[in-house]
Amino acid sequence: MRVRASDVAWVVGGAVLFVLVWQAVVVVGGFRPFVLPSPFSVATRFVEAWRDGTMEPHVATTLGEIALGFAAGAATGLVVGYLLARSRMAERLLSPYIVAAQATPVLAVAPLLALWFGTGLLSKVIICALIVFFPIAVSTMVGIRSVDAELLEMCRAFRATPSQVLAKVEVPGALPSILGGFRVGVTLAVIGAIVGEWAGGERGLGVLINLARGSLFDTPLLFATLATIALIGIALYMAVVLLERRLVGARG
Amino acid sequence: MRRLTSLALATMLLAAACSGGGSPGPSVPPVSPSPSVPASALTPTKLTVGLGYIPSVQFAQFYLAQQAGYYRDAGLDVTFQNKIDPDLITLVGQGAVDIGIADGTSVIPAVSQGIPVRYVATIYAQFPNVVYARESSGIRTAGDLKSRKLGTPGKFGSSWIMLQALLGSAGLTTNDVSIQLYPDFGQGAALQQGAVDAATGFINNEPVQLEQSGTPATLLKVDSIVPLPGNGLIASSDGIQAKSTPLKAFVAATLRAMNDVIADPQKGLDAAVAAVPELGKDRALQLAILKATIDTWQSAYTKAHGLGAIDRDGWTKTVAFMTGLPDHPVARQVSVDELVSEALLPK
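Residue positions are given per chain, counting from 1 as you read along its sequence in written order. Numbering of ligands from 1 and lettering of chains from A proceed in the order in which they are written. At least 70 in pLDDT is required for a residue's local features to be given in this predicted model, at least 80 for side-chain atom pairs to be given and counted, and no such filter applies to totals for whole chains, interfaces and linings, which use all residues. In computing side-chain values, all of the structure's heavy atoms are included and hydrogens and water are not.

Trainee: For the overall build of chain A, give the residues involved together with the corresponding values.
Mentor: Helix and strand assignments follow DSSP, with helices taken as H or I runs no shorter than four residues and strands as E runs no shorter than two, numbered in order from the N terminus. Counting its regular elements, chain A contains 10 helices and 0 strands. Traced from its N-terminal end to its C-terminal end, chain A shows the element sequence α-α-α-α-α-α-α-α-α-α. Each principal axis of the C-alpha atoms in chain A carries an extent, and together these give about 70 × 50 × 30 Å. Within chain A, contacts between residues at least 6 apart in sequence are counted, and of these 73% link residues at least 24 apart. Across chain A, the 19 positively charged side chains and the 14 negatively charged ones have centroids separated by 5 Å. Any two residues having at least one pair of non-hydrogen atoms within 4.5 Å are treated as being in contact. In this tally, Lys and Arg are treated as positive and Asp and Glu as negative; His is ignored, and so are the chain termini. A charged residue contributes its charge at one atom only: NZ of Lys, CZ of Arg, CG of Asp or CD of Glu.

Trainee: Could you give an account of the interface of chain B and chain A, with specific residues and numbers?
Mentor: Often, the extent of an interface is quoted as the loss of accessible area on bringing the components together. Taken residue by residue, the interface counts 35 residues in chain B and 26 residues in chain A. Buried area adds together the accessible area that both of two parts lose upon being put together, with accessible area traced by a 1.4 Å probe. Taken over both partners, the interface formed by chain B and chain A buries close to 2500 Å², and the fraction arising from carbon and sulfur atoms is 66%. Each reported salt bridge corresponds to a side-chain nitrogen of Lys or Arg within 4 Å of a carboxyl oxygen of Asp or Glu. Run the count over chain B and chain A and you get 3 salt bridges. As a salt-bridge pair, Arg213(A) and Asp87(B) come within 2.8 Å of each other at their nearest N and O atoms. What qualifies as a polar contact is a pair of N or O atoms within 3.5 Å, subject to a donor-acceptor requirement within protein and to the restriction that residues adjacent in sequence count only when both atoms come from side chains. Put simply, chain B and chain A have 3 residue pairs in polar contact (both at pLDDT 80 or more) between them.

Trainee: Break down the sheet that holds strand β7 (residues 178-181) of chain B for me, with residues and values.
Mentor: All names here are of chain B. Paired strands, in this sense, are two strands between which DSSP finds at least two bridges. The 5 strands lie next to each other as β7-β6-β8-β5-β9, forming an open sheet whose pairing is mixed. Only two strands of the sheet have a single partner each, and these edge strands are β7 and β9 (217-220). For this sheet the average axis-to-axis angle between neighbouring strands, irrespective of direction, equals 35°. Here 4 bridges tie strand β5 (residues 129-134) to β9, and the two strands are oriented antiparallel to one another. To obtain each axis, a line is fitted to C-alpha atoms, and for helices this fit is confined to the stretch in contact; angles are then taken between N-to-C directions over 0 to 180 degrees.

Trainee: Before we move on, could you go through the packing of aromatic side chains and cite the residues and values that matter?
Mentor: Put simply, two rings from Phe, Tyr or Trp (the six-membered ring, in Trp's case) pair if the centres are within 6.5 Å, and we call them stacked under 30 degrees between planes, edge-to-face over 60, tilted for the rest. According to the stated counting rule, one finds 11 aromatic pairs over all chains in the structure shown. Aromatic pair Phe70(A) and Phe182(A): ring centres 5.4 Å apart, planes at 90°, arrangement edge-to-face. In this pair, Phe70(A) is assigned in helix α3 (residues 55-86) and Phe182(A) in helix α8 (residues 162-198), connecting sequence segments 112 residues apart. The two residues Phe70(A) and Phe182(A) agree in class, both being buried. Relative to Phe80(B), the ring of Phe62(B) has its centre 6.4 Å away and its plane inclined at 80°; by these criteria the two rings are edge-to-face. One end of the pair, Phe62(B), is in helix α2 (residues 60-67); the other, Phe80(B), is in strand β2 (residues 76-82), and 18 residues separate them in sequence. Three or more aromatic residues joined by ring pairs form one cluster here, namely Phe59(B), Phe62(B), Tyr63(B), Tyr71(B), Phe80(B) and Phe250(B). Exposed residues in this analysis have more than 50% of their type's maximum accessible area, buried residues have under 20%, and partly exposed residues fall in between, with area computed by a 1.4 Å probe over protein chains only.

Trainee: Give a detailed account of unusual backbone geometry, specifying residues and quantitative values.
Mentor: All names here are of chain A. Even without being a glycine, phenylalanine 217 presents a positive backbone phi close to 55°. Looking at the secondary structure, you find phenylalanine 217 in the loop between α9 (205-215) and α10 (219-248). Given a relative accessible area of 3%, phenylalanine 217 falls into the buried group.

Trainee: Hey, could you go over the domain arrangement of chain B for me, with residue numbers and the actual values?
Mentor: All names here are of chain B. Residue ranges for the domains trace back to a domain assignment, done automatically or taken from a database. Its domain assignment divides chain B into domain 1 (42-126 + 229-339) and domain 2 (129-220). Of note, the centres of domain 1 and domain 2, computed from C-alpha atoms alone, are 25 Å apart. The interface is formed by 16 residues belonging to domain 1 together with 11 residues belonging to domain 2. Interface area, domain 1 with domain 2, both sides summed: about 1100 Å², of which 64% is carbon and sulfur.

Trainee: With reference to specific residues and values, describe the domain arrangement of chain A.
Mentor: All names here are of chain A. Domain parsing of chain A yields domain 1 (1-30) and domain 2 (37-248). For domain 1 versus domain 2, the distance between C-alpha centres works out to 28 Å. Of the residues lining the interface, 5 residues belong to domain 1; the matching set on domain 2 comes to 7 residues. Roughly 500 Å² is buried in total at the junction of domain 1 and domain 2, and carbon and sulfur atoms are behind 81% of that figure. Counting across the interface, domain 1 meets domain 2 through 0 salt bridges. In this assembly, domain 1 and domain 2 are joined by 1 residue pair in polar contact (both at pLDDT 80 or more). Side-chain classes follow a simple rule in which Ala, Val, Leu, Ile, Met, Phe, Trp, Tyr, Cys and Pro form the nonpolar group, Asp, Glu, Lys and Arg form the charged group, and the remainder, Gly included, forms the polar group. In the side of domain 1 that touches domain 2, the residues fall into 4 nonpolar, 1 polar and no charged.

Pasting the structure below:
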């Protein structure tokens, strides 16, 4: 996969424009640093927080939660999505609960999960998994249903086993849709981890946000933490895009 | 052509952002009526007042001053807003809230980070955050907490600062205690169920509820170790100058109502129930909470200097203590003059 210079230029140009607009808002609006810090002070605090070791343990904790939560949510979403696609009974039975679970704000559920499962890793993994589950289940269901019916008919004609049909026809056919769900799911996993940490925890970027905001009143550190979260989200999204390009090729 | 379009788009974005979009530009202090004209003779001066997160009987003095017309007679039109401490301090510093009640131990890190607020009147003359335990737990002193399970909402904020001071007095650190986190303030329930041996709480809330349920409680207080400043009224540095007259009137009216509630707690309870009818469901409990609250309003210092008086010596000791804490809540050295102002207190 080659990266074109013009693509890089657009990304860098967009970032420069974003920083310029931010700085203009700070200067023209006359905002004091505790309301809206300048990009320079945030960048300085960002570097300082990484250098003095403030950021690292929190990032490691959040990444661990994201990895486990995404793995659990994606695995469950794939299985349930397949069931929904292939079993009308499963769809009728499960759909109302799945939609209801998705419609319930995770912010309201998170404290309950922390109460039931403690404020350790487990509750955060569950929160992450819950939020990741829905887009992957739905994208899997849509992907499996969109598999060419004639191909499936042909498999039956050649007496292919269910595992052969799954591996050779259904998964390859549904992969673009499933990976689309992964793109959404992986960014939601970041949100899930942060929400889980807000519901209780000793470490993690969500905890650092609370510390910066509620205990230290360090607005530049708050922004530096938000920037770190955004960078993690972008990195994970790009990882899925790269995986997608490798498995199904570039779109468009 | 594409380059021109891009340039135009970028210019539009910059222009839109620079226009501010009606966002709160805090650089100009708000205009106040001339101090030479009595406020009551004019249209009432609007004041936005920030109270704690949840409307409660602990704010009885504010409700009473509102209902008894003390604020109105002082030429004020007061609106209450309930906010959590960090939000409130920032909003007061920004000028979006005129005056509010905030924790003294939060004011120190906030000012050290450049948030322009001052603590202008003491409400809780004794630090309200305590460690409490069931009497049957055998916990009598801070030293008894060693290796015991202690529930607290999180490793930050005033309770965490108090806990470090308390444990430090017994030569312990928070590592010597098994800390159990209850971010939704479930540590009180955990204590009642025996899941923890002790918990942090507010002297006028959880321990009162425990006692009311028939379980005697032991309290470990921090005041004799480090006189941490409790909740008090804060105003912005600009506001103290620009709205001096109405803010002084507000403080005086509030202190008057505090004296009324001290003299007759029932009056305070009635005002709180009128403001928050849900509190009327268990008046006995609410009265007990109010009486415990009243106790914290007064100390030897306020008895000598009057309600609302600010103990500068206590603030000096607290700054020194917080500056030495391992999680560095104080970003830079701050003087007590930067933290407190007696300008709004009655002479």
